[in-house]
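Residue-level structure breakdown
These are the residues of each chain, in order.
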Amino acid sequence: MATVTPSRMNVPSYQEVIGEGGAMFTVFVVELETADGNRQFIQRRYNAFLNMHKELKKDYPQIASFNFPTKAFLRGASSTKEYRREQFDQYVQLLVGLSPMPEGLREFLSNTGKVQQALHKSTLRNIVRMQNRPAESDIKTINQLMSKPTMFLKFGRRGEPHWRKFSLICASGGWAIKWETKKKGKTPEIKILSMKEVRFGQHSAVFARKKMPHLNSLSFSVFYTLPNKKELETLDLIAKHPDDFFVWTVGLKHAIDNGGIGMDSETSEWQRQEEQAEKDLMEEIDDFDIFGDDEHNDDDHEEEEDDRLITTGNVMFSWGFNGWGQCGVVETIGRDGHLMPSQVTSSACRLVDHGEENSDGFDIQNIACGGNFTVAVDSRMKAYIWGHGSVCGGVADKHGGSVRRNDHVFQPSPLKQPFRNVPIAMVAAGDQHALFLTQKGEVFACGVNDVGQLGTGDLNDRSAPQQVEFESSQSDSTIKVVAAGHSTSAAVNSQGQLFTWGCGMFGGLGLGDEENREQPQSVSMREFGMEVKDVSCGQHHMAAILVSTMDVQKSTGTSGEKKINTKVCTWGWNGCGQLGLGDFVDRSTPQTVEVISSGGKIVEQIVCGAAHCAAVVNITMGELEIQGQLWTWGNGVAAMATEGATHAEIPRPFHLTKKGHESIEVFRIAAGDNFTLVLDDEGGLMLLGVNPNNNSGKPVNMGLDLEKLEKSIAGVDGIVTEIAAGGRHISVLAPKRFAYSSLL
């Protein structure tokens, strides 16, 4: 395992994690920065730090004199959690000053998992979920992830479940999966060609011995045969995280369906070169304690040792304006500003009988916020909607009918779905209409349709989703992206073709006129010679990312790696300079935003607010590399987050910093009417623009500490993995964790 020698350390957060039987575990997130500027994030338990402290204080007087925080202090109510975090932060800063740094301490700080890795796998899961089946490039990535050791809880025919590291290997008889065991000289493996089926849930005879229904969504069995035997055997596993479950089940199912893993020699070579160097990158929590465990720990006598933490799903939080129940929190209905993030549950509301639904089973995976409502999809791909009655008429009431059209729905409520049991891949929300994209590439729409924004060929509102029909020059193309604005809609198909419909005011559809469209119309992009990758809709303007690839020639004259180029195009209303074209003139056809489409810039994401735009940009110019830089333009308050700021008609970078003045790398963004929500690569949040909690109109530039604001939800990480912004409200997802005690 590679070790690290940090030049700086700090503790941005810590959390209490629920263990088996209700036991609580304290886990610290530690940020490390080396002299060359590389940053890493590790997670370590309190016990591991305490045992290290006991060893180090024998040789270092400054460590011995430090008043190490006790568990009672960390969990006490006599001080704020921020103060308690700062006390532990002082301790790690003392550690980094030890010279020379003890070898044991360097090993203790070795990186075994970064927040970015979890975010990467979550992104991959969202990409593949939007397709009927994974693309070959996605399968290659999945195979590479599987080749790295991944921890699973393995069930056997005897004894208790145990944590084991599994990986995909290239064996002499073909591809196989292997796992580590304590038996000397034995490394069990199962060949892909012997596998017959992957079955979700806990339905095998082995699982029947010790069922864990609360972890059913992370459980699966691999059915296989042994040589010269006909009887089916099972390999029964529980994943630590939904993303691990996704990667392995998709990878194994694809391999079984195709008679082999389908990895080429390039992937095999990559595996051989990288396996050792990145052996532990995918471990999210490491209980590595090189100093040994002290069974008689006076400060921690009530804490059981946890071996691995299981992420059982997501917890949803919402805050902002809640006049129609769009935050999903009944207690604050009608308030102008719902200031504190509150957990959104699926407990019964007065309009809907949820039957089987309960707060523990409400595991949201995909969210979108509209002008006055919210729509979400859970882990079973079931759709929920809540908020203004103009959109929520398709919610089932407790008698199996629908709620009345003008009845607002105050908590997440199952939507009557015409999707024919096809899972939902993506949702989008406009001011008063919603779009649903299925894994088959079908689009459904519901809500207000006064200007044709539903794309159904008429102006009739729909309380239940109705399918939208598309015409395409490619018979095999399917829709892969949907977006919704105030009264507009857009979609991109698998051939990179853009469609728009709804309100044509100010040329907002990009069709060369200001006419409304009641059905999807293809937007001409031929002059750009690139495919549309993504699109976002504002109040009366749109922005799209176009992409092209080209082979980079090696010095030998052969084709090397592929270079990606991106271009941003905008059109529609430009009253605040939100098109980024250097003026305030409306455009009815797509125009190139030159500033952000040149100079080595690769645009990863773009979003539109009511009258502003924001983008996540990577820049490469010679030796200069900048990852995750935020650019904004348009409405002065929203784009610049400064009171009295003039409108910005040209895109410009927005430099985000945190304590210590380090630059923040942006991972994902979302736009409300007059604000931008930023998710950084550490899972932290920032709000830029007008705070949706009030009507003052005063801009803010503030960090949002979800863990600090919502301390009552035990076991929830301070790390956010998904964000959505509506007109004046916000919803986010954070992982829920569970500790299972077992000997490794």
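Residues numbered from 1 in each chain as written. Predicted model: local features only at pLDDT ≥ 70, side-chain atom pairs only at ≥ 80, totals over all residues. Heavy atoms only, no water.

1. Examining the overall build of the protein chain
- A count of helical and extended segments in the protein chain gives twelve helices and 38 strands.
- Nonlocal contacts in the protein chain, meaning residues at least 24 apart in sequence, comprise 58% of its contacts between residues at least 6 apart.
- Surface accessibility of the protein chain: about 30800 Å² in total, with carbon and sulfur atoms responsible for 48%. (Helix = DSSP H or I, 4+ residues; strand = E, 2+ residues; numbered from the N terminus. Contact = heavy atoms within 4.5 Å. Areas by Shrake-Rupley, 256 points an atom, 1.4 Å probe, with all protein chains shown as cover.)

2. A few points about the sheet that holds strand E22 (residues 488–493)
- Judged by pairing direction, the sheet is antiparallel, and its four strands sit side by side in the order E21-E22-E23-E24 without closing on themselves. Edge strands, defined here as strands with exactly one partner in the open sheet, are strand E21 (479–484) and strand E24 (517–522). Adjacent strand axes in the sheet meet at a mean angle of 15 degrees when their direction is disregarded.
- Pairing analysis gives five bridges linking E22 to strand E23 (residues 498–502), with the strands arranged antiparallel. Counted as the bridge partner of Thr488 is Gly502 from E23. (Pairing = 2+ DSSP bridges. Axes fitted to C-alpha atoms, helices over the stretch in contact; angles between N-to-C directions.)

3. Quick notes on the packing of aromatic side chains
- Within this structure, the stated rule accounts for 16 aromatic pairs.
- Relative to Trp179, the ring of Phe166 lies with its centre 5.2 Å away and its plane at 25 degrees, an arrangement referred to as stacked. Separated by 13 residues along the polypeptide, Phe166 in strand E5 (residues 162–171) and Trp179 in strand E6 (residues 174–179) bring together distant segments of the chain. The exposure classification of Phe166 matches that of Trp179, with both residues buried.
- Arranged with centres 5.3 Å apart and planes meeting at 75 degrees, the rings of Phe470 and Phe499 form a pair that is edge-to-face. With Phe470 in the loop between strand E20 (462–468) and E21 and Phe499 in strand E23, this residue pair connects regions lying 29 residues apart in the sequence. (Phe/Tyr/Trp six-rings, centres within 6.5 Å; stacked < 30°, edge-to-face > 60°. Buried < 20%, exposed > 50% of the residue type's maximum accessible area, 1.4 Å probe, protein only.)

4. Concerning the environment of Gln43
- Among the structural elements, Gln43 can be located in strand E3 (residues 39–45).
- With relative accessibility at 9%, the residue Gln43 sits in the buried group.

5. Here's the deal with the pattern of salt bridges
- One pass over the structure, following the stated rule, counts ten salt bridges.
- Between Glu160 and Lys210 there is a salt bridge, with its nearest N and O atoms 3.5 Å apart. Residue Glu160 is located in the loop between strand E4 (150–155) and E5, and its partner Lys210 is located in the loop between helix H8 (205–209) and strand E9 (219–225); the two are separated by 50 residues in the primary sequence.
- Judged by its relative accessible area of 44%, Glu160 falls in the partly exposed class.
- Taking relative accessible area as the criterion, Lys210 reaches 28% and is therefore assigned partly exposed.
- Arg199 serves as the salt-bridge partner of Glu197, at 3.0 Å between the closest nitrogen and oxygen. (Salt bridge = Lys/Arg side-chain N within 4 Å of Asp/Glu carboxyl O.)

6. Remarks on the confidence of the model for the protein chain
- Residues at a pLDDT of 70 or more form 71% of the protein chain, whose mean pLDDT is 77.
- Across residues 111–120, confidence stays below pLDDT 50; counting only partners more than four residues off in sequence or on other chains, it has 38 contacts. (pLDDT = per-residue confidence, 0-100.)

7. Structural notes on the nonpolar core
- Membership of the largest hydrophobic core comes to 39 residues, with the highest contact counts inside it found for Ile177, Met195, Phe220, Leu235, Ile238, Trp248 and Leu252.
- Ranked by residue count, the leading element in this core is helix H9 (residues 242–257), at eight residues.
- Ignoring sequence-local partners within four residues, the contact set of Ile177 consists of Ser167, Leu168, Pro188, Glu189, Ile190, Met195, Leu235, Trp248 and Leu252.
- Grouped together as the second largest cluster of nonpolar side chains are 32 residues, Leu437, Met525, Met530 and Trp571 included. (Core = buried A, V, L, I, M, F, W, Y, C linked by side-chain atoms within 4.5 Å.)

8. Concerning H9
- Taking 1.5 Å per residue as the helical rise, H9 with its 16 residues ought to reach 22 Å, and the 22 Å between its terminal C-alpha atoms agrees with that figure.
- For H9, a buried count of 14 out of 16 residues is recorded, marking the element as mostly surrounded by other parts of the structure.
- Positive phi shows up at Gly259, right after H9, with a value of about 70 degrees. (Expected span 1.5 Å × (residues − 1).)

9. Section: the sheet that holds strand E17 (residues 424–429)
- Sheet architecture is open: four strands sit in the order E17-E18-E19-E20, paired in antiparallel fashion. This sheet does not close on itself; its edge strands, each paired only once, are E17 and E20. For this sheet the average axis-to-axis angle between neighbouring strands, irrespective of direction, equals 20 degrees.
- Alignment of strand E18 (residues 433–438) against strand E19 (residues 443–447), held across five bridges, turns out to be antiparallel. By the bridge assignment, Phe436 is partnered in E19 with Phe444.

10. Notes on the side chain of Lys601
- Mapped onto the fold, Lys601 is located in strand E29 (residues 601–608).
- Although Lys601 is buried, it makes no salt bridge; Glu594 carries the closest opposite charge, 9.5 Å away.
- From its side chain, Lys601 meets the backbone oxygen of Val595 in a polar contact 3.2 Å long.
- When residues no more than four places from it in sequence are discounted, the contact partners of Lys601 are Thr566, Val595, Ile596, Val617, Asn618, Ile619 and Trp631. (Lys, Arg positive; Asp, Glu negative; His and termini not counted. Polar contact = N/O pair within 3.5 Å; in protein donor to acceptor, adjacent residues only side chain to side chain.)

11. Quick word on unusual backbone geometry
- Backbone torsion omega between Ser99 and Pro100 reads -5 degrees, so that peptide bond is classified as cis.
- Secondary-structure assignment places Pro100 in the loop between helix H4 (81–96) and helix H5 (103–108).
- A positive phi angle is found at Asn228, which is not glycine, with a value near 65 degrees.
- By secondary structure assignment, the location of Asn228 is in the loop between E9 and strand E10 (232–239).
- Given the relative accessible area of 86%, Asn228 is considered exposed.
- Backbone geometry at Phe506 places phi at a positive 65 degrees, although glycine is not the residue there.
- Assignment of secondary structure puts Phe506 in the loop between E23 and E24.

12. Regarding the side chain of Gln629
- As for its position among the elements, Gln629 is in strand E31 (residues 624–634).
- Overall, the relative accessible area of 19% leaves Gln629 in the buried class.
- Separated by 2.7 Å, the side chains of Gln629 and Trp631 make a polar contact.

13. Topic: the pairing of E21
- Burial of E21 is extensive: five of the six residues sit out of reach of the surface.
- Bridge analysis of E21 against E22 gives five bridges, and the strand direction is antiparallel. Paired with Val481 across the strands is Val492, a residue of E22.

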